[in-house]
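# Analysis of the macromolecular model
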Amino acid sequence: MKDGTNAMTPPSNMQMKGRKKDSIEQFISSPQLFLENSLSQLRYMILIEGLSIPPGYDLCPYRSYVWSILCRVPTFSTDMYREIMDDTVDNLSPELYQKIKNDTFRTLMNDKNFHQKVLEHSLVRILSAIAMTVDNKVGYVQGMNVLLAPIAYACQKSEPQAFAILHHLITKQIPQYITPNLDGVHAGLSLVDVVLTIIDPVLSEYLDSKFLKAEIYAFPSVLTLCACTPPLQSVLKLWDFLFAYGTHMNILFIVAQLISHRSVLLKSQQPMKILRNFPPLEESEIIKLSLSFIPELPKPLYDLITRHGFDPNVPNELKLFLIENKYN
């Protein structure tokens, strides 16, 4: 996969007559001379304004272009995708295909709107193509279907582009999440525990007293970048921020969710009943809290957070950090 773009201007089919463009859509539709400066401005606009849903629409019609721009994923042609699909049909093993099928039908099972917009056949095709093109020795890991869900929803008009964005996500940003042992996910779970200890030692100690480490309650949230928690519209807004500022921020998102419900958790004798299915996402509060955590975290720890999704050295470095700083 090629990683990079030469311009920020989305394809011409993005032009939709009869609809007034908001400031972000106007910005990405205009030529940009200096890519890095333009990306910085786009990130800031996402933070301050956010992507909007025009009247008469049920989703932001240009979100997939924004995600592609932020990740520097070029438009992926139908012909290129068709070639991959032809190879997939010829070479995908029945066992791997069945493994994918076992997951796709239950992707966001309770979201009727999602299933009206995204066909299971599309999920199967994209994940099968991913399994054939990603060199991770496993082809497909459970949870990739949920990672695909927000992307497929945002890219309803372009299955090839959904493939391109997911491919970039799991090969460039979080490749350690799809190793045979899910090394990046386990590192992320340890980081959730450490961050919670620093940000809210009282809540951390209480959960510890109930034998509740992140490995027990936060595994799906780490693995899927919170896509497992409804509502989908909130997931999309969180992912706008993640693609703008880094998928590593998901670790802080999870801690923010715990802090948001700390009073309920502290009063509960069985907090796992609450954490078994995280309460609905409140994206604005989660982003605001997450940003407030950063100044409180030691710089070496935050560096590990930023690298844990793609750097195979992080698990060992994290062990040393925990020993040196006497974290249990």
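Labelled according to an unreviewed UniProt entry, the chain appears under the name Rab-GAP TBC domain-containing protein, originating from Debaryomyces fabryi. The record held by UniProt for the chain lists under Sequence similarities (unreviewed entry) the comment "Belongs to the BUB2 family." Recorded in UniProt under Subcellular location (unreviewed entry), the annotation for the chain is "Cytoplasm, Cytoskeleton".

Roughly 790 Å³ of volume is contained in the largest pocket. Together, 32 residues line the largest pocket, and Leu108, Val146, Pro220, Cys228 and Thr229 are the ones closest to its centre. Its residues placed into classes, the lining of the largest pocket shows 19 nonpolar, 9 polar and 4 charged.

Negative phi is the rule for most residues except glycine; trans is the rule for most peptide bonds. In this model, Pro230 is joined to Pro231 through a cis peptide bond whose omega is 0 degrees. Mapped onto the elements of the fold, Pro231 is located in the loop between α13 (219-223) and α14 (232-245). One non-glycine residue, Phe211, lies in the positive phi region at around 60 degrees. Take Phe211: it is sitting in the loop between α11 (201-209) and α12 (214-217). In this structure, Cys226 is a non-glycine residue whose phi angle is positive, near 70 degrees.

To continue, consider a negative patch on the surface. On the surface, Glu83, Asp86, Asp87 and Asp90 cluster together to form a negatively charged patch. By secondary structure assignment, the location of Asp90 is in helix α4 (residues 78-91).

Scanning the model with the defined rule gives 9 aromatic pairs in all. On the basis of an interplanar angle of 45 degrees and a centroid distance of 5.9 Å, the ring pair of Phe241 and Phe253 is categorised as tilted. Placement of the pair is Phe241 in helix α14 and Phe253 in helix α15 (residues 249-260), with a sequence separation of 12 residues. A relative accessible area of 0% places Phe253 in the buried class. Joined through ring pairs, the aromatic side chains of Trp67, Trp239 and Phe243 make up one cluster.

Moving on, we come to the domain arrangement of the chain. As far as domains go, the chain holds domain 1 (78-173) and domain 2 (183-325). For domain 1 and domain 2, the distance between their C-alpha centres works out to 26 Å. Contacts between the two partners involve 14 residues from domain 1 and, on the opposite side, 14 residues from domain 2. For the pair domain 1 and domain 2, the two sides together bury roughly 1200 Å², of which 75% comes from carbon and sulfur. If you sort the residues of domain 1 by the area they bury against domain 2, Leu147, Pro150 and Gln173 come out on top, with a joint share of 44%. For the pair domain 1 and domain 2, the interface holds 0 salt bridges. At the junction of domain 1 and domain 2, the tally comes to 0 residue pairs in polar contact (both at pLDDT 80 or more). If you list the elements that add at least two residues to the side of domain 1 that touches domain 2, you get α8 (144-154) and α9 (159-173). Per element, the largest residue contribution to the side of domain 1 that touches domain 2 is 5 residues, and it comes from α8. Looking at the side of domain 1 that touches domain 2, its residues break down into 9 nonpolar, 3 polar and 2 charged.

Basis of the calculations
- Residues numbered from 1 in each chain as written.
- Predicted model: local features only at pLDDT ≥ 70, side-chain atom pairs only at ≥ 80, totals over all residues.
- Heavy atoms only, no water.
- UniProt positions renumbered as here; feature names shortened; annotations may be inferred.
- 1 Å grid on protein atoms, 1.4 Å probe; cavity = no way out; pocket = protein on both sides within 12 Å on 5 of 7 lines; lining within 4 Å.
- Points joined across faces, edges and corners; volume = space filled by probe spheres on them.
- Nonpolar A, V, L, I, M, F, W, Y, C, P; charged D, E, K, R; others polar.
- Helix = DSSP H or I, 4+ residues; strand = E, 2+ residues; numbered from the N terminus.
- Patch = residues over 30% accessible without salt bridge, like charges linked within 9 Å, V, L, I, M, F, W, Y side chains within 5 Å.
- Areas by Shrake-Rupley, 256 points an atom, 1.4 Å probe, with all protein chains shown as cover.
- Salt bridge = Lys/Arg side-chain N within 4 Å of Asp/Glu carboxyl O.
- Lys, Arg positive; Asp, Glu negative; His and termini not counted.
- Charge placed at Lys NZ, Arg CZ, Asp CG, Glu CD.
- Phe/Tyr/Trp six-rings, centres within 6.5 Å; stacked < 30°, edge-to-face > 60°.
- Buried < 20%, exposed > 50% of the residue type's maximum accessible area, 1.4 Å probe, protein only.
- Domains from an automatic or database assignment.
- Contact = heavy atoms within 4.5 Å.
- Buried area = accessible area lost by both parts, 1.4 Å probe.
- Polar contact = N/O pair within 3.5 Å; in protein donor to acceptor, adjacent residues only side chain to side chain.

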